[in-house]
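# Examination of the molecular architecture
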Amino acid sequence: MRRTALLMTVLLAAACGHGADDPTAAGQPSPTQAGSSAALSGSLRIQAAGGEGELKALQEVVAAFEAANPRLTVDFTGVAEQGDHLAKLTAGFAAGNAPDAFLLNYRRVGAFLERQVVDPVRTSGVDVADFYKAPVEAFSRGGTLQCLPQNASSSVVYVNETLFAKAGVPLPSADWTADDLLKTAGALAAKGVESIAFEPGTRTVAPFVWSAGGEYVDSTDRPTRITLGSPEARSALELLTQLQRSGFDARQRAAEDPQDAFGAGHVAMLVDSRRAVPGLRKAGVAFDVRPLPKGAAGSVSLLASDGWCVSKASKNLDAAHAFAAFTVGDGGGTVLAESGRSVPVSKALAQSPAFLAAHKAPETAQVFLDSIGTLRRLPNVANQNEAEGAADDLLEQYFAGKLPLAELVQEVDRATAAAYAG
Amino acid sequence: MTSRLAVEGLGHRHAGSGTWALRDLTLAVEPGQVLAVVGPSGSGKTTLLRLVCGLLRPTEGRVLLDGVDAAAVPPERRPVAMVFQGYALFPHLTVRDNIAFGLAVRRVPRAQRRARVDEVAATLRVDGLLDRLPVELSGGERQRVALARALVRDPRVFCLDEPLSSLDPVLRVEARRALSALLRADGRSAVYVTHDQAEATTVGDQVAVLREGQLEQVATPRELYARPATSFVARFVGTPPMSLLPAAALDVPARADVLVGVRAEDVHVGAGKPYVVREVEEHGHEQLLALDVGGIDLVARVPLVMNVRVGETVLAQVNPVRIRLYDGATGRLLP
Amino acid sequence: MTGYRAGLRWLLLPWLLGTLLLVVGPALITAGFAFTRYDALSPPQLAGFAVFRDLWSDVEFRRALVSTLVIVALAVPLRVGGGLLLALLLHRRRRLDAATRAAAYAPSVVPDVAIALVWLWVVNPVYGPIGLITSAFGAGIGAVLLDPAGARLTVVAISVLSLGEGFLVLLAARRELPQPLYDLARTEGAGVLTEFRLVTLPLLAPVLGLLTARDLVVSLQVVMVPTLLLTNGGPLGATKTLPLLAYERGFRELELGDGAAIALLLTLLTGLVVAVQFRLLRRWNRAVAT
């Protein structure tokens, strides 16, 4: 269950506080455009959510930024869970006490953009032209880039090399198809190996629907509902249901979070985004990545991207923008790329050795970059979060076998229409 | 004739601490008689009551009710009714419901309950109070309600635990008289527990004195007063109790360790040997003098007209015919 | 005497100030927000009773209301009844007394997050104790928290385990009951059940009534944090109680007006239920007396 991991991080975060004990261990504070520009002073408050590894990497970036700007003090708050992060932000804005800059997923940024509390990105010092297109679009509204994308990532299939070898099943090729996936899963299951695990929600279902040639949301810019009724969407759900039979079912997911199960070597394949990497590295499992298998429409993956938003009300706008720029530039960006968590949005950085580091799994980090070309994104409207939440609750029930497909389609339509409208 | 209540070799030991609360007790109560049980606290009085009414099982010996061994008879089937110390009235029930409590437990039909309560309430003159709650009653009324609740069972034996202790002294005399009549009516018997020896000797046809779980003496009040069987009883019974002095101090020819027991009225003041008056206590029509006999008090009862002050020396002598001699070691009355 | 009382009033002052500042003030402000549309980012806009009308036609709100009532209806009697049962079992002084009483009370002092973690393990279908034992007999359990009834029962179970305070109150109350009343019942031949019905229950009724009222007020708060962490209100809103919905609306979905309105309704609902319960209690007391 993913909440186990969540709880653990809550406890860990509570235990560790946010005292960065190794200031610039990995990130040498190279003078960047942002860091060296004007002399920044005063104080800056930063807030972000993430797992243990992510927060640690961000703390290193903050320390590097402070080292580059000696007259500036940065107060960094790391929150373990996205929901709490959002709650804390809302409370902060309501109390007129919001952080100067905060990191948000593009699917959650809509509410803040709509209320116009975000100061759009100042492009000076950032080479946005060098960025991948998908994340830039995701954080844009009205033709303006509102928050500075800091990372981009796609859904991929992680494979456990040890388990494949033990079962005597060959590793899938990079251009495999949905059919190959089913066969591979079947072959693994025949050898008594749990084949595949995935989260039963939007993050898994959307790319499979797209790959099958269907639409997950009726419109990216003006969404009114999540659509699972099309034959393509149904076939994607059907495929995932079949996979579940040879792999992790609802009961096993309830016992063990998919990512933990893969890290512990309990399952041979995992559908997840780049965010799984730090945890898997720490678990010490021998793994590699493959793109999502091709469906009727090819291999279409889902964009995951976080960006830095600056509060309009910030008393230190210059420093806030400079910090955002720093995290995607050479200085901070390198630290984050090395942490393994994020695929940088800057093409130059993404091609750099820091990210493609051969000595660390996954061997074929290039897969993440190759996928970026075929990425699609979900809407960034104000109610995206609620709509996804409603759909995810129903999908969880569907994959637990407690909701028939016909009812799922109908309920998702009703619930997400209400969420987007409200 | 079989006794209404008899206990034979009765004993009870606490399961937890292993100490004996009551040991080797043999007593009998005849129909129409009240047995008063008296003793200091912890002497086993209440344990006796609980054994009789069946709340406790004897560790040894047996309880006979009208000649029948009660061992196999559960509390509710014994012809015994208990009146608890402090009366144990339910605060949330009216007088009527309190009196009917036992009938309710026994699932007696409502109409029958009503009739029975009305009958008993009239006997005890609480018929005007039936709809009140215990908090609205005086001490005397509560006592009568508790008695009514016991009477409802139509018992052959009443067990009363300090039934007058929560009444004020004036009320107590009146209540005691009413009680004495009620307890003996219709050939009923009663075991009446009290820590007050004066009350015991007034109410009881027989008085049993307990001390640390052992029976010291059981006798009529008159006998108990005149011939206390042990030095403990001598010191416990009577107002004032007997003075107990070493034989030598009073020139009584006896072994050195013998104690001489003297009632205050058997000390004659006006002649004899000189003693210093240590204390004078006036009691209406008479006064009690505490005479210093070698550091021990000898109490004398004299008329009020005699003018004596503390510190004075008076002449006194003991009536040698009325003294009792007690073994200094065992405390037993010597023949 | 007046000086003494005045002194007492001064002693009360800090508490009173704190309450005004930290409880009464915010509560009034929240009640005010209940009549607005407010997203925390832009100024609130007055909307009057339209907020409540919208809530009433809101499917999620209705479902939360039902979930709340179901959980409360299960949890409160179980908590109070469980506390009573434990108190009656443990009121006699025995050896190991302190240990058993501590065991009964301990769950009430464990932090919410730890409780949530423990329960995640307990209901884990593969590694948890229930799963392991039932599997050993060839049965096994499914994903409890994915099942609406299973999730609700888990939440109820969490709340029942925190019955420690009620247990302590009832234990003290039971020990205050005079032993002669029980002796009397026994001399009349009352068994355990009759004794409970005619002696214990009526005498403890006032305490039970107060405890139930208190439990109605706090039982939802007790399970709020573990529920948030364990089920996040799911599956399909089965454990999304009104406080959880208020939190979600207010702080996750930027609808503080809705959140405040739900909080206000919850307060009114609690007051109503407590009032009804007190009326029933009074009537019952009168019924027992006849």
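Residues numbered from 1 in each chain as written. Chains lettered and ligands numbered in written order. Predicted model: local features only at pLDDT ≥ 70, side-chain atom pairs only at ≥ 80, totals over all residues. Heavy atoms only, no water.

Below, the discussion takes up the packing of helix α10 (residues 231-246) of chain A against helix α20 (residues 405-421) of chain A. In a packed pair of helices, the relevant descriptors are the angle between the two axes and the axis-to-axis distance. Residues and elements named next belong to chain A. Relative to each other, α10 and α20 sit at 125 degrees, their axes nearing to 12 Å. When the axis of α10 is compared with that of α20, the two are oblique. For the pair α10 and α20, the crossing hand works out as right-handed. On α20, the residues touching R234, L237 and E238 of α10 are L405, L408 and V409. (Axes fitted to C-alpha atoms, helices over the stretch in contact; angles between N-to-C directions. Helix = DSSP H or I, 4+ residues; strand = E, 2+ residues; numbered from the N terminus. Parallel < 35°, antiparallel > 145°, perpendicular 65-115°, else oblique. Left-handed = near helix turned anticlockwise from the far one by under 90°. Contact = heavy atoms within 4.5 Å.)

This part takes up the packing of aromatic side chains. Residues and elements named next belong to chain B. Using the criterion set out here, one finds 17 aromatic pairs over all chains in the structure. Geometry around W20 places R23 over its ring, the cationic atom sitting 3.9 Å from the centre. A cation sits over an aromatic face here: R263 above Y225, 3.8 Å from the ring centre. (Phe/Tyr/Trp six-rings, centres within 6.5 Å; stacked < 30°, edge-to-face > 60°. Lys NZ or Arg CZ within 6 Å of the ring centre and 35° of its normal.)

Before going further, it helps to spend a moment on the state of the cysteines. In total, this model carries one disulfide over all chains according to the counting rule given. A disulfide bridge connects C147 of chain A with C309 of chain A, and the sulfur atoms are separated by 2.1 Å. On the sign convention where negative means left-handed, the S-S torsion of about 105 degrees between C147 of chain A and C309 of chain A marks this disulfide as right-handed. In this pair, C147 of chain A sits in the loop between β6 (144-145) and β7 (148-149) while C309 of chain A sits in strand β14 (residues 306-311), placing the two residues 162 residues apart along the sequence. C309 of chain A carries the same exposure label as C147 of chain A, and that label is buried. With no disulfide of its own, C53 of chain B lies closest to C159 of chain B among cysteine sulfurs, the gap being 5.5 Å. Judged by relative accessible area, which is 3%, C53 of chain B ranks as buried. The class of C159 of chain B is buried, set by a relative accessible area of 0%. (Disulfide = S-S within 2.5 Å. Buried < 20%, exposed > 50% of the residue type's maximum accessible area, 1.4 Å probe, protein only.)

On to the sheet that holds strand β7 (residues 157-161) of chain B, then. Residues and elements named next belong to chain B. Spatially, the six strands line up as an open sheet ordered β6-β7-β8-β3-β9-β10, and their pairing is mixed. Single-partner strands in this sheet number two, and they are β6 (80-83) and β10 (214-219). Pairs of neighbouring strands in the sheet enclose a mean axial angle of 15 degrees, with direction left out of account. The sheet contact formed by β6 and β7 spans four bridges and is parallel. By the bridge assignment for β7, V80 is matched with V157. Helix α5 (residues 139-151) contacts β6 and β7 of the sheet and is inclined by roughly 165 degrees relative to β6. Strands β3 (34-38), β7 and β8 (189-194) of the sheet are contacted by helix α6 (residues 169-184), whose axis makes an angle of about 145 degrees with β8. (Pairing = 2+ DSSP bridges.)

With that settled, the discussion passes to the interface of chain B and chain C. Contact residues are listed per partner, giving 23 residues for chain B and 19 residues for chain C. Across the interface of chain B and chain C, roughly 1,900 Å² is buried in total on both sides, 64% from carbon and sulfur atoms. Our count for the contact surface shared by chain B and chain C stands at three salt bridges. In this structure, D183 of chain C and R50 of chain B form a salt bridge, with 2.8 Å as the shortest nitrogen-oxygen distance. For the pair chain B and chain C, the interface holds five residue pairs in polar contact (both at pLDDT 80 or more). Where the side of chain B that touches chain C is concerned, the elements lending two or more residues are α1 (45-53) and α3 (101-105) of chain B. Top contributing element to the side of chain B that touches chain C by residue count: α3 of chain B, with three residues. (Buried area = accessible area lost by both parts, 1.4 Å probe. Salt bridge = Lys/Arg side-chain N within 4 Å of Asp/Glu carboxyl O. Polar contact = N/O pair within 3.5 Å; in protein donor to acceptor, adjacent residues only side chain to side chain.)

This brings us to the pattern of salt bridges. According to the stated counting rule, one finds 41 salt bridges over all chains in the structure shown. R141 of chain A is the salt-bridge partner of E114 of chain A, the closest N and O atoms lying 3.9 Å from each other. Placement of the pair is E114 of chain A in helix α5 (residues 110-114) and R141 of chain A in strand β5 (residues 140-141), with a sequence separation of 27 residues. Judged by relative accessible area, E114 of chain A falls into the partly exposed class, the value being 47%. According to the relative accessible area criterion, R141 of chain A is partly exposed, its value standing at 26%. Residues D119 of chain A and R122 of chain A are paired through a salt bridge, measuring 3.4 Å at the closest nitrogen-oxygen approach. Assessed through its relative accessible area of 13%, D119 of chain A is described here as buried. Shared partners join several salt bridges into a network, and the residues in it are D58, E60, K240, E248, R249, E255 and D258 of chain C.

Between chain C and chain A, the contact holds 35 residues from the first and 33 residues from the second. Regarding the contact of chain C and chain A, the summed buried area is about 2,900 Å², with carbon and sulfur atoms giving 65% of it. At the boundary of chain C and chain A, one finds one salt bridge. A salt bridge links K402 of chain A to D147 of chain C; its shortest N-O distance comes to 3.3 Å. Counting every contact that joins chain C to chain A gives one residue pair in polar contact (both at pLDDT 80 or more). Looking at the side of chain C that touches chain A, the elements that each hand over two or more residues are α5 (112-122), α10 (192-230) and α11 (242-252) of chain C.

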